[in-house]
Amino acid sequence: MSTTTLAVLVPLLPFLGAVAGLLLGRTAPGFVRPLAILPTLTAAVLAVTVAVRQGGGQPISTATELTPTGSVPIDLSLYIDGFAALVAVLVGVVATCVQLYSTAYLREDPRYPSYAGLVSLFTSAMLLVVYSGDLMVLLVGWEVMGICSYFLVGHYWETEAARSASLKAFLVTKLGDVPFLIGLFALATDAGSFRITKILGTVAAGGLDHPTLIALLLLAGVAGKSAQFPLHTWLPDAMAGPTPVSALIHAATMVAAGVYFIARLLPVFAASAAALVVMAVMAAVTMVGSGLAALAQDDIKRVLAYSTIGQLAYMTGALAVADRSAAVFHLLSHGAFKALLFLGAGVIIHAAGTNSLAAMSRMDGLAKRIPDAFWTMTIALLALAAIPPFAGFFSKEAVLVAAEQAATGHSDAAPAAAGWLVLAAGVLTALLTAAYAARLWLMAFRGRGAAAPDHGKEPFAMTGVLWLLAVPSVAFGLAADPLADWFDGRALTPTLATSVLGTGAAVIGAMLTYALWQRATAKAATAPAAGPARAATAEEPAAVAAAVSAATAAAESAAETPEVAEVTHEHPAVPAGPAADPARALLGPLHRHAAAGFHLDAVYDRLFVRPVRAAARLVGFLDREVVDTYVLGAGTGTRLLGGLVRRAQTGNVQSYLSALLAGAVVLAIATAVLANVNAGS
């Protein structure tokens with residue numbers, strides 16, 4: 001079978017599995033799990049085969065005209081280079097792991113058939129984006145992912161949180177898709193084609209008439225899809241969906257699509273220095289802001305969500321300094337350990353009966369209850385914190401090296417200002433990343449208090465997947481040298497300067513967090529037990545009072561979420577008492593603002609939501625009081641005229657004849673008068 005045929009089957013098989021699963025979900029539920037796993041697994045195997053055959057050599061390109069348009073043609077085409085081949089492998093492997101994990105995680109969920117079908121469709125759409133050589137066909141996969149995310153995030157649609165989160169995710173990403181679509185049309189108009197190969201040829205020949213405008217329009221869509229500032233606010237709320245969905249969205253689909261799109265068309269963005277600087281500013285703000293926000297979250301999944309935003313900003317920063325090799329290297333590395341983090345978090349939630357870190361910090365022995373999750377999460381958090389020799393160290397260092405080369409003038413592809421922005425923000429974010437990774441590990445696995453509930457060993461379908469993903473989280477960094485041949489040939493190995501900067505910042509962040517956690521633990525041990533109605537006394541230290549109030553709030557919010565109710569056994573009682581949270585001391589007065597995402601939702605509510613609602617109310621008033629008045633007036637006039645005519649219909653023949661005669665007389669007189677007037681003139 002030819003490589004082209006295999007490549008066509010890669011997105012097609014999950015699509016067929018999705019259709020079959022959705023059609024047979026109710027009538028033949030026994031086929032749901034095989035239809036969820038086997039097509040996705042086969043697609044992953046075929047993606048590996050395509051990658052081996054492509055081998056980092058010449059791109060595989062083929063096309064056939066999809067439909068005549070009369071102007072810019074739309075082609076059904078494939079364009080598979082080293083980037084596309086490896087990203088498709090990542091998508092297939094992570095999607096297969098998610099499907100396997102979900103069979104145990106959602107085994108009691110009555111809506112599992114539709115869930116599994118939508119995950120397969122989601123996977124198919126991302127694979128279409130990865131392999132497509134035509135931007136219009138790519139847009140189909142781009143938008144299908146959007147609608148799939150709407151349904152999957154809203155899986156627990158009975159709750160207001162899930163409904164609001166799914167709607168928010170859909171609307172915010174669509175807000176970015178509007179300028180994105182305009183940018184695609186502008187790009188195709190300048191290039192005369194939607195084909196990626198022809199567009200890149202036009203860029204190389206200097207044929208783009210509006211490179212800055214096109215790049216900024218496309219960047220708006222990428223900011224929405226990849227959750228970058230200022231369109232990032234939907235991603236933390238999307239944690240209302242099932243945890244395996246979060247793993248799929250954050251690791252291999254949806255949010256990765258925006259970064260991959262820029263990498264695919266990087267010459268278009270590199271044609272405008274202004275666009276690269278804007279991208280660098282966006283990446284720097286997103287990196288630092290998301291790191292601070294992650295450090296202040298109590299929900300374990302929201303910590304990981306803000307972490308994803310920050311790691312995507314690293315990739316965007318690499319692209320801002322025109323190094324797509326480093327960006328895609330970090331995308332692949334991040335996909336492995338972030339999928340592991342989310343699926344490990346699902347095991348923790350499954351065992352602890354809560355997603356609150358404050359509640360977990362008051363449970364003793366949780367690590368012993370779930371040893372598989374403990375060890376694999378430890379590996380993933382070390383990779384996230386970029387501690388050598390784990391995968392995240394090599395891929396994050398590749399980003400910092402690219403930024404250093406741009407900043408010091410060793411690369412002419414990007415402005416030095418973009419390099420300095422990305423380098424400074426990247427080092428600071430390395431410190432913040434290690435800090436919130438250490439905080440998560442300490443609060444989840446080193447809690448002190450009542451014994452954690454023991455529900456027995458977790459299902460193998462969940463723990464086995466964790467160990468499978470732990471392998472690339474540890475060893476993928478060793479592939480830095482051979483991967484360079486698959487990409488643009490640029491070296492991906494770290495340098496001494498960036499290694500010292502990045503690793504030093506990470507070690508400082510982790511050690512500082514550990515020291516503050518020890519102090520917070522000591523204070524929590526001596527603080528009185530917290531009660532719902534307990535107030536701080538005048539002589540009570542302010543730090544203890546803050547810890548007590550935080551513990552009370554965490555206890556109230558910890559246990560009851562739709563997912564906890566769905567996947568856990570019996571909810572354990574959340575122990576009372578202050579939580580040992582080092583983030584409060586680390587962030588100080590900034591903690592309250594960081595926990596609320598720096599109030600961006602409130603800002604958007606005031607700037608956009610309220611004016612739009614006010615305008616909607618005005619339109620409703622005008623429609624009701626003005627437009628409807630004219631419409632009702634026309635109807636009222638017709639009724640009145642009909643009433644008058646109805647009065648003339650008496651049924652008396654003599655009256656009709658009299659009226660007819662009177663009318664004839666009037667007409668005769670009028671005729672005579674007009675004749676005399678005309679004769680006199």
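Residues numbered from 1 in each chain as written. Predicted model: local features only at pLDDT ≥ 70, side-chain atom pairs only at ≥ 80, totals over all residues. Heavy atoms only, no water.

Draft legend 1. Examining the nonpolar core more closely. Grouped together as the largest cluster of nonpolar side chains are 200 residues, with contacts concentrated most on Tyr-131, Leu-135, Phe-261 and Phe-269. Ranked by residues supplied to this core, first place goes to helix α15 (residues 324-352) with 18 residues. If sequence neighbours within four positions are ignored, Phe-261 has contacts with Leu-135, Leu-138, Trp-142, Phe-180, Leu-184, Leu-218, Val-222 and Phe-269. (Core = buried A, V, L, I, M, F, W, Y, C linked by side-chain atoms within 4.5 Å. Buried < 20%, exposed > 50% of the residue type's maximum accessible area, 1.4 Å probe, protein only. Helix = DSSP H or I, 4+ residues; strand = E, 2+ residues; numbered from the N terminus. Contact = heavy atoms within 4.5 Å.)

Draft legend 2. Geometry of the packing of aromatic side chains. A complete count under the given rule lists 16 aromatic pairs for this structure. Ring centres 6.0 Å apart and planes at 35 degrees place the aromatic pair Phe-374 and Trp-441 in the tilted group. Of the two residues, Phe-374 sits in helix α18 (residues 371-384) while Trp-441 sits in helix α20 (residues 416-445), which places them 67 residues apart along the sequence. In this structure Phe-374 comes out as buried when scored by relative accessible area, which is 8%. Taken together, Phe-374, Trp-375, Trp-441 and Phe-445 form an aromatic cluster joined through their ring pairs. One residue, Arg-33, lies across the ring of Tyr-112, its end atom 4.6 Å from the ring centre. (Phe/Tyr/Trp six-rings, centres within 6.5 Å; stacked < 30°, edge-to-face > 60°. Lys NZ or Arg CZ within 6 Å of the ring centre and 35° of its normal.)

Draft legend 3. Representation of the pattern of salt bridges. For the structure on display, the rule yields 14 salt bridges. Its salt-bridge partner being Lys-174, residue Glu-143 comes within 2.4 Å of it at the nearest N-O pair. Taken as a pair, Glu-143 in helix α5 (residues 135-153) and Lys-174 in helix α6 (residues 160-191) lie far apart in primary sequence, 31 residues in all. Salt-bridge contacts for Arg-163 lead to Glu-160; the nearest nitrogen and oxygen are separated by 2.9 Å. Of this pair, Arg-163 and Glu-160 are both found in helix α6, three residues apart, which corresponds to roughly one turn of the helix. (Salt bridge = Lys/Arg side-chain N within 4 Å of Asp/Glu carboxyl O.)

Draft legend 4. Expanded view of the side chain of Ser-361. Checked against the element boundaries, Ser-361 lands in the loop between α16 (357-360) and β3 (363-364). Given a relative accessible area of 9%, Ser-361 falls into the buried group. One polar contact links the side chain of Ser-361 to the main-chain carbonyl oxygen of Ala-358, over a distance of 2.6 Å. When neighbours within four sequence positions are excluded, Ser-361 is seen to be in contact with Met-443, Gly-447, Arg-448, Ala-579 and Ala-580. (Polar contact = N/O pair within 3.5 Å; in protein donor to acceptor, adjacent residues only side chain to side chain.)

Draft legend 5. Fine view of helix α1 (residues 3-24). Taking 1.5 Å of rise per residue, 22 residues should cover 32 Å, and α1 covers 31 Å from first to last C-alpha, within 8% of that figure. At Val-10, α1 shows its maximal kink, close to 35 degrees; a proline, Pro-11, follows between one and four residues later. Along α1, the residues that are buried comprise Thr-3, Leu-6, Ala-7, Val-10, Pro-11, Pro-14, Gly-17, Ala-18 and Gly-21. Packed against the buried residues of α1 are α2 (32-54), β1 (60-67), β2 (74-80) and α4 (112-131). (Expected span 1.5 Å × (residues − 1). Bend = angle between axes of the 7 residues up to and from the residue.)

Draft legend 6. Region of interest: the environment of Ala-256. By the secondary structure assignment, Ala-256 is in helix α11 (residues 255-264). The spatial distance from the C-alpha of Ala-256 to the C-alpha of Met-315 is 9.5 Å, given a sequence separation of 59 residues. Discounting residues that sit within four places of it in the chain, Ala-256 has contacts with Met-126 and Leu-331.

Draft legend 7. Spotlight on the state of the cysteines. Tallied over the entire structure, the rule returns zero disulfides. Cysteine Cys-148 is unpaired, with the sulfur of Cys-97 as its nearest cysteine sulfur at 20 Å. (Disulfide = S-S within 2.5 Å.)

Draft legend 8. Expanded view of the packing of helix α19 (residues 391-407) against helix α23 (residues 496-526). Two numbers describe how α19 lies on α23: the axes approach to 9 Å, and their chain directions differ by 120 degrees. Considering their axes alone, α19 and α23 lie oblique with respect to each other. Handedness of the α19/α23 crossing: right-handed. Of α23, the residues touching α19 (which contributes Phe-393, Glu-397, Leu-400, Val-401 and Glu-404) are Ala-497, Thr-498, Ser-499, Gly-502 and Thr-503. Along the lines of polarity and charge, the residues of the contact of α19 with α23 split into four nonpolar, four polar and two charged. (Axes fitted to C-alpha atoms, helices over the stretch in contact; angles between N-to-C directions. Parallel < 35°, antiparallel > 145°, perpendicular 65-115°, else oblique. Left-handed = near helix turned anticlockwise from the far one by under 90°. Nonpolar A, V, L, I, M, F, W, Y, C, P; charged D, E, K, R; others polar.)

Draft legend 9. The arrangement of the pairing of β1 in detail. Two elements, β1 and β2, share seven bridges in a ladder whose sense is antiparallel. Note on β2: the bridge partner recorded for Thr-62 is Leu-78. In textbook terms, the turn of a hairpin is the stretch between consecutive antiparallel strands, and for β1 and β2 this stretch comprises six residues, one of which, Gly-70, has a positive phi near 85 degrees. (Pairing = 2+ DSSP bridges.)

Draft legend 10. Seen up close, the environment of Ile-60. Among the secondary structure elements, Ile-60 is positioned in strand β1. Given a relative accessible area of 17%, Ile-60 falls into the buried group. Sequence separation between Ile-60 and Thr-316 is 256 residues; the distance between their C-alpha atoms is 26 Å. Excluding residues that lie within four positions of it along the chain, Ile-60 makes contacts with Thr-3, Thr-4, Gln-54, Leu-78, Tyr-79 and Ile-80.

Draft legend 11. Spatial organisation of the confidence of the model for the chain. Mean pLDDT over the chain: 88, with 92% of residues reaching 70 or higher. Across residues 530-560, confidence stays below pLDDT 50; counting only partners more than four residues off in sequence or on other chains, it has 42 contacts. (pLDDT = per-residue confidence, 0-100.)

Draft legend 12. Quick look at the environment of Ala-252. Turning to its location among the elements, Ala-252 is positioned in the loop between α10 (243-251) and α11. A residue is classified by how much of its surface remains accessible, and Ala-252, at 1% relative accessible area, is buried. For the pair Ala-252 and Leu-332, spaced 80 residues apart in sequence, the C-alpha separation works out to 8.4 Å. With residues up to four places along the chain from it excluded, the contact list for Ala-252 reads Leu-90, Val-91, Val-94, Met-126 and Ala-247.

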